[in-house]
Amino acid sequence: MTTIHDLRSTLPRAGRLEWIGLREGRRLPVRPVGEAEAHPLVGLLGDHGRVAPPRLSALSGEPGEVVTPAHAPAIPGGPGRRQVTLIQAEHLPVIAALSGLEAVPPELLRRNLLVSGIALRALGDRRFWVGEVLLEGTGECHPCSRMEEALGPGGYNAVRGHGGLTARVIRGGVLRVGDAVRPWQEET
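Remember, it's a predicted structure, so these values are computed and weren't measured experimentally. (Residues numbered from 1 in each chain as written. Predicted model: local features only at pLDDT ≥ 70, side-chain atom pairs only at ≥ 80, totals over all residues. Heavy atoms only, no water.)

A. Representation of the environment of Ile118 within the structure. Tracing the backbone through its elements, the reader meets Ile118 in the loop between strand S6 (113-116) and strand S7 (127-130). As for Ile118 and Glu90, which are separated by 28 residues in sequence, their C-alpha atoms are 9.5 Å apart. For Ile118, the residues in contact, after removing those within four places along its chain, are Leu11, Arg13, Gly15, Gln88, Leu123, Val181, Arg182 and Pro183. (Helix = DSSP H or I, 4+ residues; strand = E, 2+ residues; numbered from the N terminus. Contact = heavy atoms within 4.5 Å.)

B. Structural view of unusual backbone geometry. Even without being a glycine, Arg27 presents a positive backbone phi close to 65°. Its identity is not glycine, yet Arg110 carries a phi of approximately 65°, on the positive side. Along the chain, Arg110 falls in the loop between helix H4 (106-109) and S6.

C. Summary view of helix H3 (residues 92-99). Residues of H3 that are buried include every one of Leu92, Ile95, Ala96 and Ser99, and no others. What you see down the axis of H3 is that its buried residues fit within an arc of 100°, all on one side. Among the exposed residues of H3, those pointing more than 90 degrees away from its buried face are Pro93, Ala97 and Leu98. Structurally, H3 contributes buried residues whose contacts are with strand S5 (84-88), H4, S6, helix H5 (146-151) and helix H6 (155-159). Positioned one or two residues after H3, Gly100 has a phi angle of 75°, which is positive. (Buried < 20%, exposed > 50% of the residue type's maximum accessible area, 1.4 Å probe, protein only. Arc of directions from axis to C-beta.)

If you want it as structure tokens, here you go:
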């Protein structure tokens, strides 16, 4: 007999990374890119001005390095739950139809990654690979009020239930359009 746990764990095919988008800052347009670097401490480099943190002086030991005090504020977008946002490509026509639009390009939805061919919601509470990058789903990516600006009246409700997934970076690397999206398998 197959259990619900078994059914939830069955993802027989890999998906594909179709599109990557970065925003240089808050409320700025999303810029499509062919690749992006994911860093475990900050998320996608270049998104909202994020940069890789400096090396720790205790590790490099180089003279003249500035030491960051222990009480310094957390790095924006740090090891939190929303370092990377993903949306399902198959949902774009649904969002367009519910918004009364002919099409909805991914940059309007302000997510970082557009994936196809795998049930994104099934990855919402587990680890998964996008190419060489290991992500961990942290929950639903709910729409914001900006959807009314982007899609017109009713845009917020059109995205509800189709807003995608938030994730954190567990193992960094370079994401490239065309990368496989597949569940992480615990090593036995």
